[in-house]
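Structural description and commentary
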Amino acid sequence: MAAKCTIAACLVVLVVHDAIVSTDAAAVRGSAQTGGDVFLVQGCKGKKTLNFYDARKECSQRYGATIAGYRQLRQAWLNGLESCNPGWISMWMVMYPMQRARMLCGNRRGLISLGFTHLKKEYDVYCYPNGRNVYSVIGCGGSLSLTYDQAVDECERRGDVIATYEQLYAEWEKGFEYCGPGWLADGRVGYASQAQTCNEEPGVRLVTGDDIEEGGSGLYEDLRFSTEKYDVFCSRQGILD
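Treat the numbers as computed from the prediction; the structure is a model and nothing was measured. (Residues numbered from 1 in each chain as written. Predicted model: local features only at pLDDT ≥ 70, side-chain atom pairs only at ≥ 80, totals over all residues. Heavy atoms only, no water.)

This part covers the overall build of the protein chain. The number of helices and strands found in the protein chain is six helices and 15 strands. Within the protein chain, the fraction of its 241 residues that count as buried is 47%. Put simply, the protein chain shows about 12,000 Å² of open surface, and 50% of that area lies on carbon and sulfur atoms. (Helix = DSSP H or I, 4+ residues; strand = E, 2+ residues; numbered from the N terminus. Buried < 20%, exposed > 50% of the residue type's maximum accessible area, 1.4 Å probe, protein only. Areas by Shrake-Rupley, 256 points an atom, 1.4 Å probe, with all protein chains shown as cover.)

What follows is the structure, given as C-alpha cells:
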C-alpha cells in the first residue's frame, strides 16, 4: 500500500516517487474547466534562463497563466504529463514529472524534486492557465514590441488565436483588466479598464478609432499592415464566436 503524507511533508522530500501520495483527494480540476492544464515554458532566451521572479512574470505576462503549484503539477502528472526538464513551481521549488524511470532523467518515476532552490538560479517554469478566455501577451522585446503579424504568431504558437473586440469586451465584463494597448483581430488596438485604474473611465478603450459600444461612429483605423508595435490579446481556442 502506498504511504501517505501531507502536502508540506511531501514538499520536503527530495524525490517524490510513486510510493508517496497526497492526503488531499480534492485535486485541481482538469483542463475542461480551466481552458488548459499545466504546461512547461522556456524563457525568451532559451532553456533554463528564468529565475523564480522571472518565471512568475513569464507565466503571467506572456501566457495568461500563474505559476503552477504542487497540487496542480501532481494532478497533471496523474493525467499523464511527463517532462525531463526541471521547472519552477510555487513555494520556491523546482520539480519535473516523470511517468517512467529514465536513465538521463534521474532514473525515477514520479514528481522529481530538486527541493527548495535559490531564487536566483535559472530553470524553466511550469505554468497553469488562469481560467480566462482572453489574456494579454507581452513580446520578448518587452511591452509594445509586437507588430500585427508578430502578435498573430505569438497567439498561434500557444495554440490560440488573436482575440476579437467582442471577445475582449466579454472578458472585460467578467472583470478582466489590462492597461497596456494590445492588438485585436481586425487591426484595432485597445485595452480593458476597470474602476478607472487605467486613468480612464471603465470599459474597453480603443487607441485607434471610435468605441462602438460607447456610441462612436464605428469607424476605425486598420493598422494590420503598419509598423506600429503593441502588446496583443489572445483568445483561447474553443471559445470562438
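With that settled, consider the layout of surface pockets. With a probe scaled to a water molecule rolled over the atoms, the places where space remains empty come into view. Of the voids in this model, the largest pocket is the one considered here, and its volume is about 300 Å³. Every residue lining the largest pocket is counted, 16 residues in all, and those nearest its centre are Cys-44, Leu-50, Asp-54, Glu-58 and Cys-140. Considered class by class, the residues forming the lining of the largest pocket number four nonpolar, six polar and six charged. (1 Å grid on protein atoms, 1.4 Å probe; cavity = no way out; pocket = protein on both sides within 12 Å on 5 of 7 lines; lining within 4 Å. Points joined across faces, edges and corners; volume = space filled by probe spheres on them. Nonpolar A, V, L, I, M, F, W, Y, C, P; charged D, E, K, R; others polar.)

Let us look at helix α3 (residues 52–63). The first and last C-alpha atoms of α3 sit 16 Å apart over twelve residues, in line with the 16 Å expected at 1.5 Å per residue. Those residues of α3 that fall on the buried side of the exposure criterion are Phe-52, Ala-55, Glu-58, Cys-59, Arg-62 and Tyr-63. Along the axis of α3, the buried residues cluster in a sector spanning 140 degrees; they form a single face. Buried residues along α3 sit against β4 (39–41), β5 (65–67), β6 (87–89), β9 (124–129), β10 (134–137) and α5 (148–156). The backbone nitrogen of Tyr-53 lies 3.0 Å from a side-chain oxygen of the residue at the head of α3, namely Asn-51. Following α3 by one or two positions, Gly-64 has its phi on the positive side, about 55 degrees. (Expected span 1.5 Å × (residues − 1). Arc of directions from axis to C-beta. Contact = heavy atoms within 4.5 Å. Polar contact = N/O pair within 3.5 Å; in protein donor to acceptor, adjacent residues only side chain to side chain.)

Here we take up the nonpolar core. Within the largest apolar cluster, 16 residues are counted, with the highest numbers of intra-cluster contacts made by Val-38, Leu-73, Ile-89, Met-95, Tyr-96, Leu-111 and Tyr-126. Counting only elements with at least two residues in this core, the list comes to α4 (70–78), β7 (93–98), β8 (110–116) and β9. (Core = buried A, V, L, I, M, F, W, Y, C linked by side-chain atoms within 4.5 Å.)

Attention now goes to a nonpolar patch on the surface. A grouping of Met-91, Trp-92 and Phe-116 is seen on the molecular surface, where their side chains present a nonpolar patch of about 350 Å² in accessible area. Relative to the assigned elements, Phe-116 resides in strand β8. (Patch = residues over 30% accessible without salt bridge, like charges linked within 9 Å, V, L, I, M, F, W, Y side chains within 5 Å. Salt bridge = Lys/Arg side-chain N within 4 Å of Asp/Glu carboxyl O.)

With that out of the way, let us pick up the pattern of salt bridges. If you walk through the whole model with that rule in mind, you get seven salt bridges. Among the ionic pairs, Glu-171 bridges to Arg-132, the shortest N-O distance being 3.1 Å. In this pair, Glu-171 sits in helix α6 (residues 165–173) while Arg-132 sits in the loop between β9 and β10, placing the two residues 39 residues apart along the sequence. You can call Arg-132 partly exposed: its relative accessible area is 23%. As a salt-bridge pair, Asp-186 and Arg-188 come within 2.9 Å of each other at their nearest N and O atoms. A single burial state applies to Asp-186 and to Arg-188, both of which are buried.

This part takes up the packing of aromatic side chains. We describe a pair of aromatic rings using the distance from one ring centre to the other and the angle between the two ring planes. Applying the stated criterion across every chain yields a total of ten aromatic pairs. Chaining the aromatic ring pairs together yields one cluster made of Phe-52, Tyr-53, Trp-88 and Tyr-123. Its guanidinium or amino end placed over the ring of Tyr-63, Arg-158 lies 4.1 Å from that ring's centre, counting from NZ or CZ. (Phe/Tyr/Trp six-rings, centres within 6.5 Å; stacked < 30°, edge-to-face > 60°. Lys NZ or Arg CZ within 6 Å of the ring centre and 35° of its normal.)

Two cysteines form a disulfide when their sulfur atoms are joined by a covalent bond. Under the definition given, this model contains five disulfides. A disulfide bridge connects Cys-59 with Cys-127, and the sulfur atoms are separated by 2.0 Å. Because the torsion about its S-S bond is -80 degrees, the bridge between Cys-59 and Cys-127 counts as left-handed. Pair noted here: Cys-59 is in helix α3 and Cys-127 is in strand β9, with a separation of 68 residues, a long-range link. Cys-127 shares its class with Cys-59; the two are buried. (Disulfide = S-S within 2.5 Å.)

This next bit is on the pairing of β8. Counting buried positions along β8 yields five of seven residues, so the element is predominantly enclosed. Sheet topology places β7 next to β8; five bridges connect them, and they run antiparallel. What sits directly across from Met-93, in β8, is Phe-116. (Pairing = 2+ DSSP bridges.)

This part is about the pairing of strand β15 (residues 231–235). With five of five residues buried, β15 lies mostly within the body of the structure. What you see with β15 is no split at all: Asp-231, Phe-233 and Ser-235 on one side and Val-232 and Cys-234 on the other are buried throughout. With four bridges connecting them, β10 and β15 associate as antiparallel partners. Considered in β15, the bridge of Val-134 is made with Ser-235. When strand β11 (residues 161–162) meets β15, the two strands line up antiparallel, connected through two bridges.

The quantities given are spatial measurements derived from coordinates; they are silent on function.
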